[in-house]
Amino acid sequence: MKSIAGYRPPYPGTQPGHLHPAYVSSAKRAPTRPLVQIPYTLSEITGPSFDREFVSPAAYDLTRQHQGEPLGERIVVSGRVLDENSRPLANTLVEIWQANAAGRYRHEVDQHDAPLDPNFTGCGQAVTDGEGRYRFVTIRPGEYPWGNHYNAWRPAHIHFSLFGPAFATRLVTQMFFPGDPLLPFDPIFNCTADEKARHRLISIFDWETTVPTQALGYRFDIVLRGRDATPMEE
Amino acid sequence: MSLHATTSQTVGPYFKIGLQWLNQSPLGAGLAAGERVTIRGRVLDGDGAPVPDALLEIWQANRHGKYAHPEDWQDKPLDPGFAGFGRVPTDSAGCFQIETIKPGPVPGPNGSEQAPHLVISVFMRGLLKRLVTRMYFPGDAGNGNDPILKLVGEERRSTLIANPASGGHLEWNVILQGTHETVFFDLGL
């Protein structure tokens, strides 16, 4: 028999619930019955692997996917992916997507009256290196209106999707920008009770990764769930 | 030093542009060994309305019950034609289709054996964090002793087991709310 180390439960208040009434579309989509608690099994502590050969080496640069350069302010978004035990997570797939500089997504459902940019698709992929580092070159996304409530605007953000080492570590999140005046009014950003946890979603302006004459650097470190120190006895 | 896991946020309505490049059924190129199965279903919201913008991610073992992952300690063969991962969106009618092979049983807690199953994450606009569920296979002899199914009240267990459909495929729906609400698991997310 094999004992399995599970994953640490979230620190209270640092993860959203499913139902968050201020975010209107959660009302019909959040489960209403209590979730059923289950132990970690082999099915949850394993998960898909994607190595560095899996993504195109050019997929980190969202400004070079077309003939011309996209409009907007070029930025470098980089950081490290760690687990809760501060261990860097190498070979982790990071996927991002975002609106263009005018706040419009290249998606048929997005009808916001702002121009599409023929030189910007808005998606990229990278796999973390041996120290858990990733790096994207992109443009700063625009804010945009949405229908959640009267005069609702999403703060500028980049969507991030990460796998980590197991089914249990899968995470989808959003990165925000420092000083965005829309943050206090955004029900998605504010769905999490813990203020420090919310603020960890805000990237940090970073001189070290700022490229002279080229692009401002923003740093966004991401933490995926870590193993419990003590394996559960099965 | 210990850190706190980054807060989950919704995939929102536009995830297709970022995630569709990896859309695939677990069957992949079709080189996997095992009994092929097609699973069709719909994702329905609290009004019973189809959800046209949901995404299902599937993780499963191969036909021998072996996961393509370094932590699978079992002495069972890997299948070079089968990685076990799928990412499948719903269409405008809320329908999805998964092409795969039936996995073998895998070990469970306390020396038990888990019946063949897929573990599934569900993402969509309106969900601030993913939902986690499982799909089991109809008529499998192991279902009665499955340690996870046993944790689910008998009246709700059927939401986790697919039904054979007349077309030879399996039918399994994800129902987000209501009397027939799918069982979702608490993985401490």
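Residues numbered from 1 in each chain as written. Chains lettered and ligands numbered in written order. Predicted model: local features only at pLDDT ≥ 70, side-chain atom pairs only at ≥ 80, totals over all residues.

Comments concerning the overall build of chain A
- A tally of regular secondary structure across chain A gives two helices and twelve strands.
- When its helices and strands are written in sequence order, chain A yields β-α-β-β-β-β-β-β-β-β-α-β-β-β.
- The C-alpha radius of gyration computed for chain A amounts to 19 Å, which stays within 12% of the reference 17 Å derived for 234 residues, consistent with globular compactness.
- Along the three orthogonal principal directions, the C-alpha set of chain A runs to about 60 × 40 × 30 Å.
- Sequence-distant contacts, at least 24 apart, represent 72% of the contacts inside chain A between residues at least 6 apart. (Helix = DSSP H or I, 4+ residues; strand = E, 2+ residues; numbered from the N terminus. Rg over C-alpha atoms; globule rule 2.2 N^0.38 Å. Contact = placed C-beta atoms within 7 Å.)

Considering the overall build of chain B
- Regarding its fold elements, chain B presents two helices and twelve strands.
- For chain B, the α and β elements follow one another from N to C terminus as α-β-β-β-β-β-β-β-β-α-β-β-β-β.
- Taking 16 Å as the expected radius of gyration for a compact globule of 189 residues, we find that chain B reaches 17 Å, a close match to that expectation.
- The principal-axis extents of the C-alpha atoms in chain B amount to approximately 50 × 40 × 35 Å.

Observations regarding the sheet that holds strand S7 (residues 117–124) of chain B
All names here are of chain B.
- Spatially, the four strands line up as an open sheet ordered S3-S2-S7-S8, and their pairing is antiparallel. With partners counted over all chains shown, the strands left at the sheet margins are strand S3 (85–89) and strand S8 (131–136), one partner each. When the angles between neighbouring strand axes are averaged without regard to direction, this sheet yields 25 degrees.
- As paired elements, strand S2 (residues 54–59) and S7 share six bridges and run antiparallel to each other. In the sheet register, Trp59 faces S7, and the bridge partner there is Val119. (Pairing = 2+ DSSP bridges. Axes fitted to C-alpha atoms, helices over the stretch in contact; angles between N-to-C directions.)

Considerations on the pairing of S2(B)
All names here are of chain B.
- Of all six residues making up S2, six are buried, and the element is well covered by its neighbours.
- Burial along S2 is two-sided: the face carrying Ala54, Leu56 and Ile58 and the face carrying Leu55, Glu57 and Trp59 are both buried.
- Summarising the sheet, S2 and S3 pair through five bridges and their orientation is antiparallel. Bridge pairing links Glu57 to Arg87 in S3. (Buried ≥ 20, exposed ≤ 12 C-beta atoms within 10 Å, placed from the backbone.)

Here we look at unusual backbone geometry
Residue and element names in this part refer to chain A.
- At Ser86, a residue that is not glycine, the phi angle is positive and equals roughly 65 degrees.
- For Ser86, a count of 11 C-beta atoms within 10 Å translates into the label exposed.
- Its identity is not glycine, yet Thr213 carries a phi of approximately 65 degrees, on the positive side.
- For Thr213, the location among the structural elements is in the loop between strand S10 (204–205) and strand S11 (216–219).

As for the interface of chain A and chain B
- On the side of chain B, 62 residues touch chain A, which itself brings 70 residues to the contact.
- Elements supplying a minimum of two residues to the side of chain A that touches chain B: strand S1 (36–37), helix H1 (42–45), strand S3 (93–98), strand S8 (157–162), strand S9 (171–176), helix H2 (195–199) and strand S12 (222–224) of chain A.
- Grouping the amino acids of the side of chain A that touches chain B by side-chain chemistry returns 33 nonpolar, 23 polar and 14 charged.
- Examined bridge by bridge, S1(A) and strand S12 (residues 185–186) of chain B share two bridges and lie parallel to one another. Each residue of the ladder has a partner; that of Val36(A), found in S12(B), is Phe185(B). (Nonpolar A, V, L, I, M, F, W, Y, C, P; charged D, E, K, R; others polar.)

Describing the environment of Ile120(B)
All names here are of chain B.
- Inspection of the secondary structure assignment puts Ile120 in strand S7.
- Sequence separation between Ile120 and Val88 is 32 residues; the distance between their C-alpha atoms is 10 Å.
- When neighbours within four sequence positions are excluded, Ile120 is seen to be in contact with Leu56, Glu57, Ile58, Thr133, Arg134 and Met135.

Let's talk about the sheet that holds S3(A)
Residue and element names in this part refer to chain A.
- Spatial ordering of the open sheet is given by S4-S3-S8-S9, a layout of four strands whose pairing is antiparallel. In this open sheet, the two edge strands, each paired with only one partner strand, are strand S4 (123–127) and S9. Strand-to-strand twist of the sheet, defined as the mean angle between neighbouring strand axes without regard to direction, takes the value 20 degrees.
- Of the strand pairs in this sheet, S8 and S9 are connected by six bridges, and their pairing is antiparallel.

Remarks on the environment of Ala193(A)
- Here Ala193(A) lies in the loop between S9 and H2.
- Distance in space between the C-alpha atoms of Ala193(A) and Ile158(A) is 21 Å, their sequence separation being 35 residues.

Details of the pairing of S7(B)
Residues and elements named next belong to chain B.
- In terms of burial, S7 is largely enclosed, as eight of its eight residues are buried.
- Neither face of S7 is open: one carries His117, Val119, Ser121 and Phe123, the other Leu118, Ile120, Val122 and Met124, and all of them are buried.
- Here S7 pairs with S8 via six bridges, running antiparallel. Residue pairing for S8: Val122 is matched across the bridge by Leu131.
- Linking two consecutive strands that pair antiparallel, namely S7 and S8, is a turn of six residues; a positive phi of about 95 degrees is found at Gly126 within it.

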